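# Commentary on secondary and tertiary structure
For reference, the chains in residue letters:
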Amino acid sequence: MKFMGNNITTNQDGHLTIGGVDTLQIAKEFGTPTIVYDVSKIKEQINAFKTGFETQGVKYHVSYASKAFSSLAMYKLISEMNIGSDVVSGGELYAALKGGLNPKEIEFHGNNKSRQELEMAIDNGVGYIIIDNFYEIELLGEILDEKQANVDVLLRLAPGIHAETHDYISTGQEKSKFGFDIKSGQADMALKQVLDNNRFNLIGIHAHIGSQIFATDGFVQEANKLMDVLNEWQQKYDFSAKVVNLGGGFGIRYTDDDNPLAIQEFIKIIVDALKSKSKEYGYDLPEIWVEPGRSIVGEAGTTLYTIGSRKDVKGVGSFVAVDGGMGDNIRPALYQAKYDAYLAKDPTAKPQQNASIVGKYCESGDILIKDYDLPMTKPGDVLAMPSTGAYGYVMASNYNRNPKPAVVFVEDGKARLVVKRETYDDMLKNEIL
Ligand SMILES: Cc1ncc(COP(=O)(O)O)c(C=O)c1O
Ligand SMILES: N[C@@H](CCCC[NH3+])C(=O)O
């Protein structure tokens, strides 16, 4: 039996349900493609992070990496769940504030924050700015002087660790565009500059080694490295950190081949590593911060498509086309990401054909799942692709002038539209004739 996504079940008609709602009903009411989120699953993941840290008896802070999926409803949910959120652009900050997030709970990330974005953060009282580079130290310093303001900051370090994941989503290696390099002495120089400016209140350090990581080694190396740096900085510069932020990156299950560790286990391993270093150095254990994105929303999202045309070439292969594709999910094309798919009317139906599930975009690379065993399909069938909740909608494009899909939240047997499907007019709204 193939992986069917947690919380995905069938009803008495044998139809796939999400959060107690028939997916055929959702497709009928909201159209396709539609991304459906099981809200209880999102809450479960957030609670897993909280419980994980609470069980370890340490001070912690969870900040949702909203680049994985953001919408007003999502920011509202994050605020109701009493965790923070990080943003990486003025646009995400704007939406987070509109969604009701307390600005003090917002961390602002990014390797090239503009003057306007930094001013916006300061004017809105954003809680924390994660400083990424020397240009930002200077620019933010200037802005704080002009506004006679102060702000809590963390320094983003590039720890020189290569996480086991796709190169495009590995971020902690030395040759990374993010953060201050430790080995070359950049990080020390940044520390001195920040400590010298009393507009900055330096509360700690940050690193993020990459995304969709299954192995714990990378996180342990990261924890060790950050504690080594902190210990050195205490000896050399008399700086003691309140916070050590390990970023996100916890892997999720897309298909049967993926076997992610439970969140609680990831946390235990990280906390153990930090505790052991803190003991070794006699360094007070700082608050432990994490920034999960994918692991909060990835498995909670399922995309519903409608099947249209097909093409069969004897001895060569078959293609089954859906009404979406690389415009709503670029991940297969960009990272060779793998997914599974199920017929909404009968998700347990046995495979009877092998075909590539392709999209409707004018690109040969617009393949959602290559050479896949699936049941017989006909035009009009609804196809569900689970685990599409992270980096799908947020990376959507209007390529070929296809409107972005709708987003629906499902909870307690009820479905509600949280992002309308774009219209052709929406796509023209900024155009001048
Ligand atoms: C700084 C930072 N924090 C958190 C995340 C979230 O990562 P993930 O969605 O893999 O948990 C990212 C994205 O990789 C990131 O760049
Ligand atoms: N967009 C990537 C993740 C990027 C993480 C951002 N630092 C993905 O879909 O896997």
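What you see is a predicted model; the values in this text were computed from it and never measured.

## Considering the site of ligand 1
Near ligand 1 there are 14 residues, and of these His208, Ser211, Glu291, Arg294 and Tyr391 occur at the shortest range. Take Glu291: an N or O atom from its side chain is 2.6 Å from a nitrogen atom of ligand 1. Of all the cavities here, the one that holds ligand 1 is the largest pocket. Residues that form the shell around ligand 1 fall into these classes: three nonpolar, seven polar and four charged.

## Looking at the nonpolar core
Counting 89 residues, the largest nonpolar core has Met74, Ile129, Ile131, Leu140, Leu155, Leu157 and Val297 as its most contacted members. In this structure, Val297 is in contact with Tyr37, Ile42, Tyr64, Ala68, Phe69, Met74, Gly389 and Ala390, ignoring residues within four places of it in sequence. Core analysis: the next-biggest nonpolar cluster, separate from the first, contains 18 residues, Ile307, Val320, Val322 and Ile357 among them.

## Points about the UniProt feature "modified residue: N6-(pyridoxal phosphate)lysine" (unreviewed entry) in the protein
With numbering matched to this structure, UniProt assigns "modified residue: N6-(pyridoxal phosphate)lysine" (unreviewed entry) to Lys67. Judged by its relative accessible area of 32%, Lys67 is partly exposed. Among residues more than four places away in sequence, those in contact with Lys67 are Asp86, Val88, Glu92, Tyr391 and Val394.

## Side note on the layout of surface pockets
Remark: the empty space left among the atoms is shown by a probe the size of a water molecule rolled over them. In this structure, the largest pocket occupies an estimated 990 Å³ of space. Lys67, Val88, Glu92, Tyr391 and Met395 are, among the 42 residues lining the largest pocket, the residues nearest its centre. Contributing elements (two or more residues each) for the lining of the largest pocket: helix H10 (294-297) and helix H11 (331-335). Across the lining of the largest pocket, the residue classes tally to 15 nonpolar, 14 polar and 13 charged.

Conventions used here
Residues numbered from 1 in each chain as written. Chains lettered and ligands numbered in written order. Predicted model: local features only at pLDDT ≥ 70, side-chain atom pairs only at ≥ 80, totals over all residues. Heavy atoms only, no water. Near = heavy atom within 4 Å. Polar contact = N/O pair within 3.5 Å; in protein donor to acceptor, adjacent residues only side chain to side chain. 1 Å grid on protein atoms, 1.4 Å probe; cavity = no way out; pocket = protein on both sides within 12 Å on 5 of 7 lines; lining within 4 Å. Sits in = over half its atoms within 2 Å of the grid points. Nonpolar A, V, L, I, M, F, W, Y, C, P; charged D, E, K, R; others polar. Core = buried A, V, L, I, M, F, W, Y, C linked by side-chain atoms within 4.5 Å. Buried < 20%, exposed > 50% of the residue type's maximum accessible area, 1.4 Å probe, protein only. Contact = heavy atoms within 4.5 Å. UniProt positions renumbered as here; feature names shortened; annotations may be inferred. Points joined across faces, edges and corners; volume = space filled by probe spheres on them. Helix = DSSP H or I, 4+ residues; strand = E, 2+ residues; numbered from the N terminus.

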